[in-house]
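Letter by letter, the chains look like this.
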Amino acid sequence: MKKFLIAAAALSVALPAGYAAAADYPDKPVSLTVAYSPGGATDFQARIVTMVAANKGLLGQPIVILNRPGAGGKVGWNHFASRASTDGYQMAAYNVPHFIAQSIKFKTKYNIDNLEPIANWGADPAVLVVNKKSKFNSVKDLAAWAKDNPGKVTVSGAGLFVGHHIAFLQIQKALGVKLRYVPHKGGAPALKSVLGGQVIAGVNNLSDSYRSRGNLKILGIADLQRDKQFLPDVPTFKEQGYAVDDSSVNFRGIMVRKGTPQAVIDKLAAIMPKMFANKRVAKQMRNGGSPIRIMDRAAVQKMWAERQKFLTGLLKGL
Amino acid sequence: MEFLDHFGAVFTWSSMLILCAGTIGGLLLGATPGLSPTMAVALLIPFTFHMDPAQGLMLLGAAYTSTVAGGAVSAILLNIPGAPANIATALDGNVMARKGAGARALQICFISSAIGGVLGILVLIFLTPVLASWALKFGPSHLFWVAILGVTIIGTLDSKSVVKGLLAGCLGLWIAMIGSDSVQGVERFIFTEELEGGVHIIAALIGLFAIPQVIEMLAGGRHDPNRSVFEVRRASVWRSAMETISKVRALIIGGVVGTVVGLIPGAGGQIAGLVAYDQSRRFSKNSAKYGTGESEGVVAAESANNAMVGPSLVPLLTLSVPGSPTAAVLLGGLLIHGIFPGPDLFQKHAAVAFSFINSMLIGQILMLVFGLAIAGLAAKVIEVKPPILAGAILVLAVFGSYSVQNSMADVAIMLVLGIGMYFLAQYGFSPAPLVLGIILGPIAEHNYVQGRIIGEAQDGIAAYFLTGWLNVLLIAFVVLSLGYSIAGEIRAKRKDRADSAGAVA
Amino acid sequence: MTGKPAVETSPEAVPGTESGTGSEAMPAPAVAGRLQQSVAALVILAVGGWITIVSFDVEDPQPYLFPQLFSGIMVALSLMALLRAVRGRNRTGAGISGQQFLNIAAGLAVMLVYVFALAEWLGFYSAAFLAMLTLYSLYDPQPHGKVRTWAVRLAVTVGFVAVIYAVFALGLKVQTPQGILF
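Each value, and the rule that gives it
- Residues numbered from 1 in each chain as written.
- Chains lettered and ligands numbered in written order.
- Predicted model: local features only at pLDDT ≥ 70, side-chain atom pairs only at ≥ 80, totals over all residues.
- Heavy atoms only, no water.
- Helix = DSSP H or I, 4+ residues; strand = E, 2+ residues; numbered from the N terminus.
- Buried < 20%, exposed > 50% of the residue type's maximum accessible area, 1.4 Å probe, protein only.
- Contact = heavy atoms within 4.5 Å.
- Areas by Shrake-Rupley, 256 points an atom, 1.4 Å probe, with all protein chains shown as cover.
- Patch = residues over 30% accessible without salt bridge, like charges linked within 9 Å, V, L, I, M, F, W, Y side chains within 5 Å.
- Salt bridge = Lys/Arg side-chain N within 4 Å of Asp/Glu carboxyl O.
- Lys, Arg positive; Asp, Glu negative; His and termini not counted.
- Charge placed at Lys NZ, Arg CZ, Asp CG, Glu CD.
- Buried area = accessible area lost by both parts, 1.4 Å probe.
- Polar contact = N/O pair within 3.5 Å; in protein donor to acceptor, adjacent residues only side chain to side chain.
- Pairing = 2+ DSSP bridges.
- Axes fitted to C-alpha atoms, helices over the stretch in contact; angles between N-to-C directions.
- Expected span 1.5 Å × (residues − 1).
- Right-handed = clockwise from strand over helix to strand, strands pointing away.
- Core = buried A, V, L, I, M, F, W, Y, C linked by side-chain atoms within 4.5 Å.

(A) Summary view of the overall build of chain C. If you tally the helices and strands in chain C, you get 6 helices and 0 strands. A buried classification covers 48% of the 182 residues belonging to chain C. Put simply, 61% of the contacts in chain C that link residues at least 6 apart link residues at least 24 apart. Accessible area of chain C: about 8,600 Å², with a carbon and sulfur share of 71%.

(B) Main features of the overall build of chain B. Broken down by element type, chain B carries 22 helices and 2 strands. Projecting the C-alpha coordinates of chain B onto the three principal axes gives extents of approximately 75 × 60 × 50 Å. Evaluated residue by residue, chain B yields a buried proportion of 69% over its 505 residues. Look at the contacts in chain B between residues 6 or more apart in sequence, and 78% of them connect residues 24 or more apart.

(C) Spatial organisation of a positive patch on the surface. A contiguous patch of positive charge, built from K493 and R497 of chain B together with R87 and R89 of chain C, is present on the exposed surface. You can see R497 of chain B is positioned in helix α22 (residues 469–504). With a relative accessible area of 51%, R497 of chain B lands in the exposed category.

(D) Representation of the interface of chain C and chain B within the structure. In this assembly, 79 residues from chain C lie in contact with 88 residues from chain B. Roughly 7,500 Å² is buried in total at the junction of chain C and chain B, and carbon and sulfur atoms are behind 74% of that figure. Where chain C meets chain B, there are 0 salt bridges. Joining chain C to chain B, the criterion identifies 7 residue pairs in polar contact (both at pLDDT 80 or more). When contributions to the side of chain C that touches chain B are tallied by element, the ones reaching two or more residues are α1 (5–8), α2 (34–56), α3 (65–86), α4 (98–122), α5 (124–139) and α6 (147–171) of chain C. Among the elements that make up the side of chain C that touches chain B, the one with the highest residue count is α4 of chain C (13 residues).

(E) How the structure looks around the sheet that holds strand β6 (residues 154–158) of chain A. Here we have 5 strands laid out as an open sheet, ordered β7-β6-β8-β5-β9 (chain A), and mixed in their pairing. The open sheet has two edge strands, β7 (180–184) and β9 (216–221) of chain A, and neither has a second partner. When strand polarity is set aside, the average angle formed by the axes of neighbouring strands in this sheet is 30°. Relative to strand β8 (residues 201–205) of chain A, strand β5 (residues 126–131) of chain A is paired through 4 bridges, and the arrangement is antiparallel. When the sheet's bridge partners are listed, V127 of chain A is paired in β8 of chain A with N204 of chain A. Taken strand by strand, helix α20 (residues 431–457) of chain B contacts β6 and β7 of chain A, and its axis lies near 165° from that of β7 of chain A.

(F) Local environment of helix α7 (residues 140–154) of chain B. All names here are of chain B. The terminal C-alpha atoms of α7, which comprises 15 residues, lie 21 Å apart, in line with the 21 Å expected from a rise of 1.5 Å per residue. Extensive coverage of α7 is indicated by the burial of 12 of its 15 residues. Among the residues making up α7, those that are buried are P140, S141, H142, L143, F144, W145, V146, A147, G150, T152, I153 and I154.

(G) Representation of unusual backbone geometry in the model. All names here are of chain A. The residue after Y25, namely P26, is reached through a cis peptide bond having omega -5°. Locating P26 in the fold gives a position in the loop between α1 (2–14) and β1 (30–34). For the peptide bond that leads from V96 to P97, omega is 10°, which places it in the cis range. Structurally, the position occupied by P97 is in the loop between β3 (90–96) and α4 (98–105).

(H) Structural context of helix α4 (residues 37–48) of chain B. An ideal rise of 1.5 Å per residue puts 16 Å on 12 residues; α4 of chain B measures up with 17 Å between its terminal C-alpha atoms. Packing partners of the buried residues in α4 of chain B comprise α3 (13–31), α5 (53–78), α15 (325–335) and α18 (386–405) of chain B.

(I) Representation of the pairing of β6 of chain A. All names here are of chain A. Burial within β6 is extensive, with 5 of its 5 residues counted as buried. Of the two faces of β6, the one carrying T154, S156 and A158 and the one carrying V155 and G157 are both buried. The pairing of β6 with β7 spans 5 bridges and is parallel. By the bridge assignment, S156 is partnered in β7 with V182. Of the crossover connections in this fold, the one passing from β6 over helix α6 (residues 163–175) to the parallel β7 is right-handed. The pairing of β6 with β8 spans 2 bridges and is classified as parallel. Its bridge partner lying in β8, V155 is registered against A201.

(J) Molecular detail of the sheet that holds β3 of chain A. All names here are of chain A. Taken in spatial order, the 6 strands of this open sheet run β2-β1-β3-β10-β4-β11, and their pairing is mixed. Strands with a single pairing partner mark the edges of an open sheet, and in this sheet they are β2 (63–67) and β11 (292–295). Averaged over all pairs of adjacent strands, the angle between their axes in this sheet comes to 30°, without regard to strand direction. Pairing geometry for β1 and β3, over 3 bridges, is parallel. By the bridge assignment, S31 is partnered in β3 with Q90. Lying on the sheet, α4 is in contact with β3, β4 (115–124) and β10 (250–257); it crosses β3 at an angle near 85°.

(K) Spotlight on the environment of A106 of chain C. Residue and element names in this part refer to chain C. Looking at where A106 falls in the secondary structure, it is placed in helix α4. What makes A106 partly exposed here is its relative accessible area of 33%. A106 sits 28 residues away from T134 along the chain, and the two C-alpha atoms are 9.8 Å apart.

(L) Just the pairing of β7 of chain A, in detail. Along β7 of chain A, 5 of the 5 residues are buried, which leaves the element largely enclosed by surrounding structure. Residues R180, V182 and H184 of chain A line one face of β7 of chain A and the alternating positions Y181 and P183 of chain A line the opposite face, and both faces are buried.

(M) Focus on the side chain of E302 of chain B. All names here are of chain B. If you trace the backbone, E302 turns up in helix α13 (residues 295–307). By relative accessible area, E302 is classed as buried at 0%. Excluding anything up to four places from it in sequence, E302 contacts V68, A69, A72, N86, T89, C109, S112 and S113.

(N) Representation of the nonpolar core in the model. F99, M272 and W304 of chain A, L313 of chain B together with Y114 of chain C are the most contacted members of the largest nonpolar core, which totals 322 residues. The greatest single-element share of this core, amounting to 20 residues, is contributed by helix α6 (residues 87–136) of chain B. The residues touching L313 of chain B, leaving out its near neighbours within four places in the chain, are Y64, L124, A327, L330, F356 and M360 of chain B.

Put into structure tokens, the structure is as follows:
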């Protein structure tokens, strides 16, 4: 630790930022800023996917998680996009569509143009759930009732301009009826409102809903295909005839600031997908009910650009 | 009685070693300013990666129970509550410590913690199926009334003047509103960049309690004529135990309030200690002595804090719904070992689930043993000379508030709030109602806004908030509590008038 | 002593709370004079008034519904407090004497410089060392001309910062701002 501090101090004085040669990068621990609190799904998964970073053949140095929560992720990402170093020793975890939607909707210091994706580790689609005791057995049942009772259907979700909210907006549009969105302080309280019968339906994460499936009915998945690993029997919205695509899927991955040397980005982009695919990582992720979806840098760049375009259109009217 | 069958797993050498490590570690982490039980558990989860599930959870269970009690140590000795739960402990505990009874205060604190804690875990073991569905009944309207009930005790909490208590509470409500609002994400009252993320409760807590304490130590100047050396009187464990047990009323109030408040998801244990303290004072013969080092206050606060631990896990273990931030972190710890809490947890993973619960039960006993062992020594902190102690608390406050979320902004907020609080305190304002405002503000607001949306979709907002037996019951409590405060204020005024008349004559 | 009014009722228990030069020379709890109490109430009134104005002067009232609710109550309460203070009915709070303010001024300066200037610039640990040593030396009644007392001060401060380093950097792996020193 002491050696590391001295080295870090020496390095920060002696070399201009970003000059660290990619050949011996990294020669000290790398930090990963998580914009949510310890124990949350993003933090939990970030800790799992980075636990083998120090292995030979991967980064060779440990990744240290730094939690900087607040304002739905805005605090951590603002800090990262404006204050983080560009030498590759400070990375951050991203949540799409959250950070893109926020950068469109609010005055933030971050947007897809000043951040560089490295790789994606997970994708958690949104699902529509109702209480086990509910009389609705399919999206169709709910849509029919909502048509007869406009404005009476309350739907819980985690906050505004996050994956759940985007999925809600898409579902509402596809159903062609007015629903009422009830924002909560996170996925867990939103799910609690469905279990406790305070709301009629809820949009929530596939992983959390899967864990509570004993007390819930999962009506549809807002993704392009079914989830074969956890919920093979639950149909997508598309299958049920509603035009809801995968735009609300919560993607999680790693990014750095723009200005990081290309050689460092390339090196990270080569190593990270290998790290996510590690056997131990995969096992722990499966145990935790967290769906893995590994995407390389090029794929993430494409996904970011698509989301940016889609969300700008969707949020324009709001 | 199934849990008894699983005690065997706890009484092995390796398990006991883990339990002891978890308990001692938890006590130390809990006593460190800035480290709430939530953070302490989050920090320990990586250590469980390499253990087998049952032992990993034993570590977390023991650590959780002991960090809650550990937070009381810094509350009593340094007047820095380790977590919101320990605010009420500081009110009388710290005064006791400064009167030389620090060792006794710590002993009483640990004994009542253990009594409350065991009670709470027994509730978890025996009443979980009954209570789980009850806990889920609490919707936005009910949580709103719970928060308002909390607001009604603001006026009487640790304050001689109801008006000033309420004003401090309003200041707290406002501080809680700073930052992005939780529903729309709109930024409010952000007049400097540091406030962007809002005011973190732990940073506020450290600032409001620790910094005025530091300044107060300096107020006498270098050659303070009034400065006396604090002495620490030895205390007998036996007598402390007898004293604690004799406060039956405070123990019952603490246990019941802790259990009930712990069950309510979202209100959480943050307010259990304060509510129990306030209720215990209202029903006590010694109510005038509360705040002057009355051990009954410590008993009520600490038994409530620890009684809340067990019930707060009920919704988590049976429904996979974490009712508190700490429960959310524990959920991560369970998942990482492939254990999905839910209705079938006790059938599918009985061994693991029961070792977790049993470890918390044993953890209470170990916490009591270790706590009593260090009480005498720890109490000597108060003997450190004020110029040293002032600097040490300042440095601890800075490191503690920084480490909450690695943020320099939190340190700045902590110091500014603390200095402001010192000046306010000179005019009769107290930090406790202010902190309660910070805690309750967001709960009240968020549930009010949610309730409006749901109410509009149903039979109207008024009907949603005012009908239903649970709403009516909670409103009745609010009215009772308000009535009590007003009656107290009128009585105080009469007495005041009589006193000043006497002085003139 | 963090503003527990209860403490004021038992001054003998907590030496140092009572300002000897308080505005009233009564043996019972000292209470600040009308002027100080009124100024304090005015400050709170100003804060409450500001919150009220900000909360009502907005384009989208929805996020401000709750602030609107309590800011009104706050203004009403601070008016009550002000009225009481002006009439001399305010019986809590000892106020601040001139001597007391002089005593704490140096300490406040150390705290502000420590947090706002040194901590990030010098590094967390060196700033902590400087702040603690300065505070200790300023308020230590021991003689300031002797080598021995300075040695004690240095040793105590270094020892404490070492403990802090062990707990936060080594134990909890907290990454503090590094600054130019350490």
